[in-house]
Amino acid sequence: MINFIAVDDIEFFREQINEAILSFSMKSDIPINKYIFDEYNRDFRKISNSKLENKIYILDIETPKHNGIDEAKKIRKKDENSTIIFLTNYESTYYPTLLRSNMKFNFISKGEVFKVILNNYFNIVANNIYSSGGKLTLNDFNAFISVEYKDIDYIYSKDNKNIIKTKTNEITVHKSLDFLLSNLPSYFIKSHRACVVNIKNIIYIKKEIKFSDGSKTDLLSRTYKNEVIKAYKKEQDLY
């Protein structure tokens, strides 16, 4: 999941930014959220201060009430990793001090092809975010976790934590089950409100789910059972 957060006081540019985001989403098939504002207001700060991951900011340098660079500096003090892109009427060389700073700001001129350039930035950032390829990669309370999708059998909730059951290990994380599901491929689906399973690793479904490495889970509720069986049969038809 990539979270786009944009601010521009001119409706035309907000529409152009929105179109660029939607174009990226359709071409990349990466799930997104987008939050577009006309000012650096309370709603913007609520989102910027949230714990959403993979944020891409597209910011206006000047709005009637605020200075975008000052707002970006506030963001950077709390968030070193998000991408911050400024849309400006000037060339990037107009901001030599900021270009030399360690705050990692990017500048795009509001020219005729700025949507194309913006889309290229989105692709570059997405490639960096998902450079791990077929892996679930996350930062959990300053612990870096990276596990290949194919090694995950299922993920289940226990005692307000979630446990990733792999072929060789169990990894406890503090991220919500819905958050983990949003960062997994479409062949991971819920089998229970407290469990997500990897359809590709399933070899048997009845009252329980059995996986190719011999592990099992009985977290299969009536609510989700039909969807799991349907997805499993569809996966089998591919072979």
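Structure shown above.
Since the structure is predicted, the reported quantities are computational estimates derived from the model, not experimental observations.

Caption draft 1: Expanded view of the overall build of the chain. Per the secondary structure count, the chain includes 7 helices and 15 strands. Of all 239 residues assigned to the chain, the portion counted as buried reaches 44%. Considering only contacts within the chain whose residues lie at least 6 apart along the sequence, 55% involve residues at least 24 apart.

Caption draft 2: Looking closely at the environment of Lys161. Checked against the element boundaries, Lys161 lands in strand β9 (residues 161-166). Once you skip the residues sitting within four places of it in the chain, Lys161 turns out to touch Tyr156, Thr172, Val173 and His174.

Caption draft 3: Representation of unusual backbone geometry in the model. A positive phi is found at Asn54, a non-glycine position, where the angle reads about 55°. Within the secondary structure, Asn54 sits in the loop between α2 (42-48) and β3 (55-60). Of note, Asn160 is a non-glycine position whose phi angle comes to about 65°, a positive value. Secondary-structure assignment places Asn160 in the loop between β8 (152-158) and β9. For Asn160, a relative accessible area of 83% puts it in the exposed group.

Caption draft 4: Fine view of the environment of Tyr224. Of note, Tyr224 is situated in helix α7 (residues 222-237). By relative accessible area, Tyr224 is classed as partly exposed at 24%. Along the sequence, Tyr224 and His192 sit 32 residues apart, while their C-alpha atoms lie 6.1 Å from each other. Leave out the neighbours within four places in its chain, and Tyr224 touches Lys190, Ser191, His192 and Arg193.

Caption draft 5: Geometry of the packing of aromatic side chains. In total, this model carries 13 aromatic pairs according to the counting rule given. Taken together, a centroid distance of 6.3 Å and an interplanar angle of 65° make the contact between Tyr149 and Phe188 edge-to-face. Separated by 39 residues along the polypeptide, Tyr149 in the loop between β7 (143-148) and β8 and Phe188 in strand β11 (residues 188-192) bring together distant segments of the chain. Comparing Tyr149 with Phe188, the two get one shared label, buried. Pairwise contacts between aromatic rings join Phe37, Tyr40, Phe44 and Tyr57 into one cluster. The ring of Phe13 carries Lys110 above its face, with NZ or CZ at 4.3 Å from the centroid. Here Lys175 stacks its cationic end above the ring of Phe179, 5.3 Å away from the centre of that ring.

Caption draft 6: How the structure looks around the sheet that holds strand β15 (residues 216-217). The sheet built from 3 strands is open, its strands ordered β13-β14-β15 with antiparallel pairing. The open sheet has two edge strands, β13 (202-205) and β15, and neither has a second partner. Where β13 and strand β14 (residues 209-211) come together, 3 bridges link them in antiparallel fashion. In the strand pairing of β14, Tyr204 is matched with Lys210.

What counts as what
- Residues numbered from 1 in each chain as written.
- Predicted model: local features only at pLDDT ≥ 70, side-chain atom pairs only at ≥ 80, totals over all residues.
- Heavy atoms only, no water.
- Helix = DSSP H or I, 4+ residues; strand = E, 2+ residues; numbered from the N terminus.
- Buried < 20%, exposed > 50% of the residue type's maximum accessible area, 1.4 Å probe, protein only.
- Contact = heavy atoms within 4.5 Å.
- Phe/Tyr/Trp six-rings, centres within 6.5 Å; stacked < 30°, edge-to-face > 60°.
- Lys NZ or Arg CZ within 6 Å of the ring centre and 35° of its normal.
- Pairing = 2+ DSSP bridges.

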